[in-house]
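Residue-level listing of the chains:
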Amino acid sequence: MKPFWSYAALSALSLSCIPSFAQSPAVKLNQIQVIGTHNSYHAGIAPNEAKVWQAKYAKAFAGLDYSHPALTKQFDGGVRQIELDVYADSKGGLYSHPSGPATAAAAGLPADPDFDPNHLMDKPGFKVMHVQDVDYRSNCQPFIACLDEVRSWSHAHPGHVPVFILVETKQDSPKSIKVTEPEKFTSSTFDALDAEIRSVFPADELITPDDVRGSYPTLEKAVLANNWPTLEASRGKVVFLMDQRNVGPVYLEGHPSLKGRVLFTNAAPGEPDAAFIERNDGPAEDITALVRKGYLIRARTDGDTKEARTNETTRRDAMIASGAQLLSTDYPAAEPARWAGGYSVSLPDGKVARCDPANAPKSCPADLRK
């Protein structure tokens, strides 16, 4: 007597029993949304120096009147994107003696605590600060120490949602005040920046343009073909992104389509290196369109303390709904604004990460974990 089943029927039955999520497309790195902090290193201007700058430049000072705790505390609070502003200091000592303390002394004010008791600024290497001589205190210093802190947190939290690190290369000076003239960033300077990053993070802890490009002729073609790595393959890793668009061409010298480079440039759609794009001010509909094409987008939900002072949430809500994967704020949920209303930015249900509302597959799980 022949069995009532056939091999073909059994095979079909077996396939039908596989859970549907196993046949669904995997969630990619660019299909999640996280909260980030703007100028994540920003420790604020010291009290007595602040009095001087506030008296002289009240409007500008108002935009600087915020601060962040240590990077570790930000990560513990759910932040998964940070921003570090870096100044080149190839010989060391260029920023060791800011004029801020002398300015406060000239106003008859007592000295603020020493900003560099361990003389870290005397050593060669990239330094982290907002405005030289004026707004120069950081919650981590120098750049390589900030990276060490990120890596230590990462190792203490295996399997975390990837951390995105936005790097702004500072080489300009404010026109309204005389400050230390910064070094310019050349292709060699960027080689040194890449080298500092790689000295902290080994290749298997980084997601680089080469990882995304794969066998595609350009990085953008890979992005438009959705060749981003999966979220699961990206867990426990970091991604470096460049803030300003105008320095992209220098970073690209000798590295077409970012071959061999660490950072993703802030490029324009249509350029060979286009993968990451900043749309800090929207509009939201443009962001959504770019996200759906495959680009990684950073948007700001607030700026210069303006929204925070009045608890104005229109911009915040539009950026969250737009699908911008990286939502940058000065006020993540764990650090609400001190003004009435307690302005802050968080994802629905307080999640660390969620499926992107503009491009995540339907199979994207409700809980992406940490």
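Residues numbered from 1 in each chain as written. Predicted model: local features only at pLDDT ≥ 70, side-chain atom pairs only at ≥ 80, totals over all residues. Heavy atoms only, no water.

An unreviewed UniProt entry lists the protein chain under the name Calcium-dependent phosphoinositide phospholipase C, with Granulicella aggregans as the source organism.

A. Spotlight on unusual backbone geometry. Along the chain, glutamine 141 connects to proline 142 via a cis peptide bond; the corresponding omega equals -5°. Tracing the chain through its elements places proline 142 in the loop between strand E3 (127-128) and helix H6 (143-156). In this structure, proline 283 follows glycine 282 across a cis peptide bond, with omega equal to 0°. With respect to the helices and strands, the residue proline 283 is situated in the loop between strand E7 (276-278) and helix H12 (284-293). In this structure, aspartate 133 is a non-glycine residue whose phi angle is positive, near 75°. By the secondary structure assignment, aspartate 133 is in the loop between E3 and H6. Aspartate 133 gets classed as buried once you look at its relative accessible area, which sits at 7%. A positive phi is found at asparagine 311, a non-glycine position, where the angle reads about 55°. (Helix = DSSP H or I, 4+ residues; strand = E, 2+ residues; numbered from the N terminus. Buried < 20%, exposed > 50% of the residue type's maximum accessible area, 1.4 Å probe, protein only.)

B. The pairing of strand E6 (residues 238-242), seen in detail. Burial within E6 is extensive, with 5 of its 5 residues counted as buried. Both faces of E6 are covered, namely the face carrying Val238, Phe240 and Met242 and the face carrying Val239 and Leu241. Pairing of strand E4 (residues 163-169) with E6 involves 5 bridges; the strand directions are parallel. Its bridge partner being in E6, leucine 166 is matched across the sheet by leucine 241. With 2 bridges connecting them, strand E5 (residues 206-207) and E6 associate as parallel partners. Paired with leucine 206 across the bridge in E6 is valine 238. (Pairing = 2+ DSSP bridges.)

C. Quick look at the packing of aromatic side chains. All told, the structure shown has 12 aromatic pairs when counted by the stated rule. Between the aromatic rings of phenylalanine 115 and tyrosine 136, the centroid separation amounts to 4.9 Å while the plane-to-plane angle is 80°, which identifies the pairing as edge-to-face. Taken together, the residues phenylalanine 115 in the loop between helix H5 (100-106) and E3 and tyrosine 136 in the loop between E3 and H6 connect sequence positions 21 residues apart. The class for tyrosine 136 is buried, based on a relative accessible area of 4%. Relative to tyrosine 251, the ring of phenylalanine 190 has its centre 5.1 Å away and its plane inclined at 80°; by these criteria the two rings are edge-to-face. Here the residue phenylalanine 190 occupies a position in helix H7 (residues 187-200), and tyrosine 251 occupies one in helix H11 (residues 248-252), the gap between them amounting to 61 residues. One exposure class covers both phenylalanine 190 and tyrosine 251, and it is buried. (Phe/Tyr/Trp six-rings, centres within 6.5 Å; stacked < 30°, edge-to-face > 60°.)

D. Geometry of the side chain of glutamine 171. Mapped onto the fold, glutamine 171 is located in the loop between E4 and H7. Of the polar contacts made by the side chain of glutamine 171, one reaches the backbone nitrogen of phenylalanine 185; its length is 2.9 Å. Each residue touching glutamine 171, except ones within four places of it in the same chain, is listed here: Pro182, Glu183, Lys184, Phe185 and Val247. (Polar contact = N/O pair within 3.5 Å; in protein donor to acceptor, adjacent residues only side chain to side chain. Contact = heavy atoms within 4.5 Å.)

E. Structural detail: the packing of H6 against H7. Packing of H6 against H7 brings their axes to within 9 Å, and their N-to-C directions diverge by 35°. The interaxial crossing formed by H6 with H7 has right-handed handedness. Along the contact surface, H6 presents Phe143, Ile144, Leu147, Asp148 and Arg151, while H7 presents Leu193, Glu196, Ile197, Ser199 and Val200. Of the residues assigned to the contact of H6 with H7, the class counts are 6 nonpolar, 1 polar and 3 charged. (Axes fitted to C-alpha atoms, helices over the stretch in contact; angles between N-to-C directions. Left-handed = near helix turned anticlockwise from the far one by under 90°. Nonpolar A, V, L, I, M, F, W, Y, C, P; charged D, E, K, R; others polar.)

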